[in-house]
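Residues per chain are reported as follows:
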Amino acid sequence: QVQLIESGGGLAQPGGSLKVSCAASARTFIRYRMGWFRQASGREREFVASISWNGGGTAYADSVKDRFIISRENAKNTVYLQMNSLEPEDTATYYCAAAIDRGMIVRSNRGYDYWGQGTQVTVSS
């Protein structure tokens, strides 16, 4: 069982930055591919970014590519999402997810086994 706890959400202005974090309880954190998803009000949960067990492989949704950066610190059992050039359309609850890394990029929420409770990100002036 893996517990995931997100933190760092909040209010940002358009064009601003925020960094959200996800701390994992897994003793073998390095076995897991990690992902970030988001869900805006009235919309389905969507893929944002994912990172392989060693950080060597990353993937992004087209809507956030070149603005968001996913990273991880295995020594701290933590994954991050640095969000730059924020837009009002980025407003959503952001969820951290984990799955055993089998060497494939996973963009579907069905490909993840563990989820955090989410952290709210609001982009507004």
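This write-up is about the structure you can find in this document. Please read these numbers as outputs of a predicted model, since none were measured by experiment. (Residues numbered from 1 in each chain as written. Predicted model: local features only at pLDDT ≥ 70, side-chain atom pairs only at ≥ 80, totals over all residues. Heavy atoms only, no water.)

### A closer look at the overall build of the protein chain
Alright, step 1. The helix and strand tally for the protein chain stands at 0 helices and 11 strands.
Alright, step 2. Whereas a compact globule of 125 residues would reach a radius of gyration of roughly 14 Å, the protein chain reaches 13 Å, a difference of no more than 12%.
Alright, step 3. Considered along the principal axes of its C-alpha atoms, the protein chain spans approximately 40 × 25 × 25 Å.
Alright, step 4. Here the protein chain, with 125 residues, has 44% of them falling under the buried criterion.
Alright, step 5. Total accessible area on the protein chain stands at roughly 6700 Å², and carbon and sulfur atoms take up 44% of it.
Alright, step 6. Each charge sign in the protein chain was given a centre, from 14 positive and 11 negative side chains, and these centres are 8 Å apart. (Helix = DSSP H or I, 4+ residues; strand = E, 2+ residues; numbered from the N terminus. Rg over C-alpha atoms; globule rule 2.2 N^0.38 Å. Buried < 20%, exposed > 50% of the residue type's maximum accessible area, 1.4 Å probe, protein only. Areas by Shrake-Rupley, 256 points an atom, 1.4 Å probe, with all protein chains shown as cover. Lys, Arg positive; Asp, Glu negative; His and termini not counted. Charge placed at Lys NZ, Arg CZ, Asp CG, Glu CD.)

### With respect to the pattern of salt bridges
Alright, step 1. Inspection of every chain in the model, using the stated rule, returns 5 salt bridges.
Alright, step 2. Taking the shortest distance from any N to any O, the salt bridge between R38 and D90 comes out at 2.9 Å. Of this pair, R38 sits in strand β4 (residues 32-39) while D90 sits in the loop between β8 (78-83) and β9 (92-100); the two residues are 52 residues apart in sequence, bridging distant segments of the chain. Accessibility assignment for this pair places R38 and D90 in one class, buried.
Alright, step 3. Among the ionic pairs, R67 bridges to E87, the shortest N-O distance being 3.9 Å. One end of the pair, R67, is in the loop between β6 (58-60) and β7 (68-73); the other, E87, is in the loop between β8 and β9, and 20 residues separate them in sequence. (Salt bridge = Lys/Arg side-chain N within 4 Å of Asp/Glu carboxyl O.)

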